[in-house]
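Structural overview
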Amino acid sequence: MTRTLQASSSEGGAPPEDEVVLTLHDIVKRYGGVAANDGVNLTLRRGTVHAVLGENGAGKSTLMKILFGVERPDSGQVVIDGAVQDFRRPGDAIAAGVGMVFQHFGLVGELTALDNISLGAEVSSPLGVKRSVARARIAQVAQESGLAVPLTRRVDQLTIAQQQRVEILKALYRGARILILDEPTALLAPQERLGLFEAVRRLRASGVSVLFITHKLEEVELLTQDITVMRHGRVVAAHRTGSVTTDRLVSDMVGGESPVVTRSGRAPGEDVMTVTDLDVAADSSARVQGVSLSVRSGEILGLVGIDGQGHQTFCQALAGARPRTGGQIFFDGQVRTRWDRLTAMRRGVSYVPEDRLMAGVARDLSIRENLIANRLTDPRFVRGGFLRRRASRSHADEMIARFDIRCRDAEQRAGTLSGGNIQKIVLAREISTDPRLLIVCEPTRGLDIGAIASVHQRLSDAADRGAAVIVQSSDLDEVLAIADRIVIFREGRAVADLQNSEDVDIARLGTLMLGDKTEESP
């Protein structure tokens, strides 16, 4: 159903919104024969939140990298407060008041939050670095922005939401008045998103201008005043948030209506995998303690929980990517005493890990090579120890077409693609093997509306063909849309197992995730 978005209201004390702080004028950036940005124009008003929408590969990330000095445009101008800029490196952009928080954080885990924020921008004197001065300034910035973090704690001991706050504080500490947030809610639980939204509103009220890259239209309505939509490297539409409908934005992004996937109501079959009293060692609350459950053929099982509650670790153990320390695993009715990644693959277990960049692809290899990385014993692609290039290229071309991987060709390095297109490579590789059990972590993180519908359809199709499908997702709307059953994890345990029905909604799931014991499994 279509509806008009309501623009986020102005906060008290916010600067006049008709004052332009940034203009991107006719930005062009080509990689070989591919135009990532083709004459892009964008205007950012001071003290506003400006959404940048578009499909994966639309050119959003390239445009933001140009603004942050990571990439240089082939032509066009970046104008800040009326002055033309020539950013040759991120340091130039930072000096001009631009900050960026990437989807994948660039923090040093062994250092404290304080040291990460001040690293490279330390306050020094002839007697050395003045940590007390830096700490006082950072504490003030954190208080003003509502981004409190434990400054003396090591970053690798912080939650994802806290690490994101460290990245934002790092930008603000360096004087950012234009802040780029690239898919900032992709890693956050629903409750954590609310904290981020409040911080963004406070930043806006203080005069900071925010470029907010997202695929979620509800976030656009909650936070933004302006919207720019990109497709195929060009701006196809620009709107004030209060003057556009959801259907129009979807049409702008995908060039037509986005398909809607509904649960098929299929009846599940026999148990494919069962675990009893499963224990898995991990840091802190991410460990798994005494979990028993089954997943059946033809069933999509959704796993949810606040970050670090064991559901991610649980998926790793089921896929053979992390050893169990106790309990039993049954697969197709037989006890499996040995269960590592190779064994699981041979039994027909496909696995899409949460961290697609570090664990999902080999970034320096081609798309073609990545798409057959799990088929190196398949004689169709490898014979006598040698790769059959023509067969692998034909397979890659088919997967690129089926999964709409936006690329130059199959020989392009995987690491040069957008995050959403890297996700499509991993999904294509794992789903195309027709697995017995498909384990997918955060299947649509970073994907656009059209791609999300396509992925949901492919997961549903896999279940229709008889596969058991496990989906671990921080997007509760996604789980409610596709899962037949939903298991909630808290403190390493499966605390509730619900059949998905009309009386299961986000509020109920969120309450269980936070600790309501009235519906917990015995």
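Please refer to the structure higher up on the page.
These numbers were taken from a predicted model, which means no experiment stands behind them. Sequence order sets the numbering: in each chain, residues are counted from 1 along the sequence as written. Two thresholds apply to this predicted model, a pLDDT of at least 70 for residue-level local features and 80 or more for giving and counting side-chain atom pairs, whereas whole-chain, interface and lining totals are computed over all residues. Excluding hydrogens and water, the side-chain figures rest on all heavy atoms present in the structure.

1. Description of the pattern of salt bridges
Salt bridges are identified by distance alone: a Lys or Arg side-chain nitrogen within 4 Å of an Asp or Glu carboxyl oxygen. In total, this model carries 34 salt bridges according to the counting rule given. The salt bridge involving Asp226 is made with Arg45; its shortest N-O contact spans 2.9 Å. Note that Asp226 is positioned in strand E11 (residues 226-231) and Arg45 in strand E2 (residues 34-45), a separation of 181 residues in sequence. Put simply, Arg368, Arg389, Arg393, Asp397 and Glu411 are held in one network by salt bridges that share partners. Helical segments are the DSSP runs of H or I of at least four residues, strand segments are the runs of E of at least two, and each set is numbered from the N terminus.

2. Thoughts on empty space enclosed by the protein
A cavity here means a set of 1 Å grid points, computed over protein atoms only, where a 1.4 Å probe fits but cannot escape. A pocket is an open set with protein on both sides within 12 Å along at least 5 of 7 lines, and lining residues have an atom within 4 Å of a point. Grid points are joined across faces, edges and corners, and a volume is the space filled by probe spheres set on the points. Scanning all chains against the criterion turns up two cavities of 30 Å³ or more. Its volume calculated, the largest cavity comes out at about 50 Å³. Surrounding the largest cavity, Val101, Phe102, Gln103, Phe105, Ile160, Gln164, Asp182, Glu183, Pro184, Leu187 and Leu188 form its lining. Classifying every residue of the lining of the largest cavity gives seven nonpolar, two polar and two charged. Note that Gly is not counted as nonpolar here; it falls among the polar residues with everything else outside the nonpolar set of Ala, Val, Leu, Ile, Met, Phe, Trp, Tyr, Cys and Pro and the charged set of Asp, Glu, Lys and Arg.

3. Overview of the nonpolar core
Buried together is how nonpolar side chains tend to be arranged in soluble globular proteins. Buried Ala, Val, Leu, Ile, Met, Phe, Trp, Tyr and Cys residues form a nonpolar core when they are joined through side-chain atoms within 4.5 Å. For each residue, the accessible area found with a 1.4 Å probe, counting protein chains only, is set against the maximum for its type, and the residue is called buried under 20%, exposed over 50%, and partly exposed in between. With 47 residues, the main nonpolar core has Ile425, Leu459, Val469, Ile486, Ile488 and Leu509 as its most contacted residues. Tallying contributions element by element places helix H14 (residues 419-431) first for this core, with six residues. Shared between two domains, this core takes at least three residues from each, and those domains are domain 2 (261-348 + 433-521) and domain 3 (360-432). Counting 35 residues, the second-largest nonpolar core is a separate cluster that includes Val101, Leu107, Ala171 and Leu203. Domain delimitation follows an automatic or database domain assignment.

4. Brief notes about the sheet that holds strand E1 (residues 20-31)
Any two strands between which DSSP finds at least two bridges are classified as paired. Across the sheet, which stays open at both edges, the four strands sit in the order E2-E1-E4-E5 with antiparallel pairing between neighbours. Two strands lie at the open edges of the sheet, namely E2 and strand E5 (83-85), each paired on one side alone. Shown here is a sheet whose adjacent strand axes are inclined to one another by a mean of 25°, direction ignored. In this structure, strand E4 (residues 75-80) lies alongside E5, joined through three bridges in antiparallel fashion. Its bridge partner being in E5, Ile80 is matched across the sheet by Ala83. Packing against the sheet, helix H1 (residues 60-67) makes contact with E1, E2 and E4, and its axis sits at approximately 115° to E1. Note on geometry: axes are lines fitted to C-alpha atoms, helical ones only across the stretch in contact, with angles between N-to-C directions running from 0 to 180 degrees. Note on definitions: a residue-residue contact is assigned when non-hydrogen atoms from the two residues lie within 4.5 Å.

5. Some words on the pairing of strand E21 (residues 437-441)
A large share of E21 lies buried, amounting to five of its five residues. Every second residue of E21 is oriented toward a common face, with Leu437, Ile439 and Cys441 on one face and Leu438 and Val440 on the other, all of them buried. By the bridge criterion, four bridges tie strand E18 (residues 349-352) to E21 in an arrangement that is parallel. Each residue of the ladder has a partner; that of Val349, found in E21, is Leu437. Examined bridge by bridge, E21 and strand E22 (residues 468-472) share five bridges and lie parallel to one another. Directly across from Val440, in E22, lies its bridge partner Val471. For the handedness criterion, the β-α-β arrangement of E21, helix H15 (residues 449-464) and E22 is classed as right-handed. With its strands directed away from the observer, a crossover is right-handed exactly when the path from the first strand over the helix to the second travels clockwise.

Limitation: the analysis is restricted to geometry and does not speak to function.
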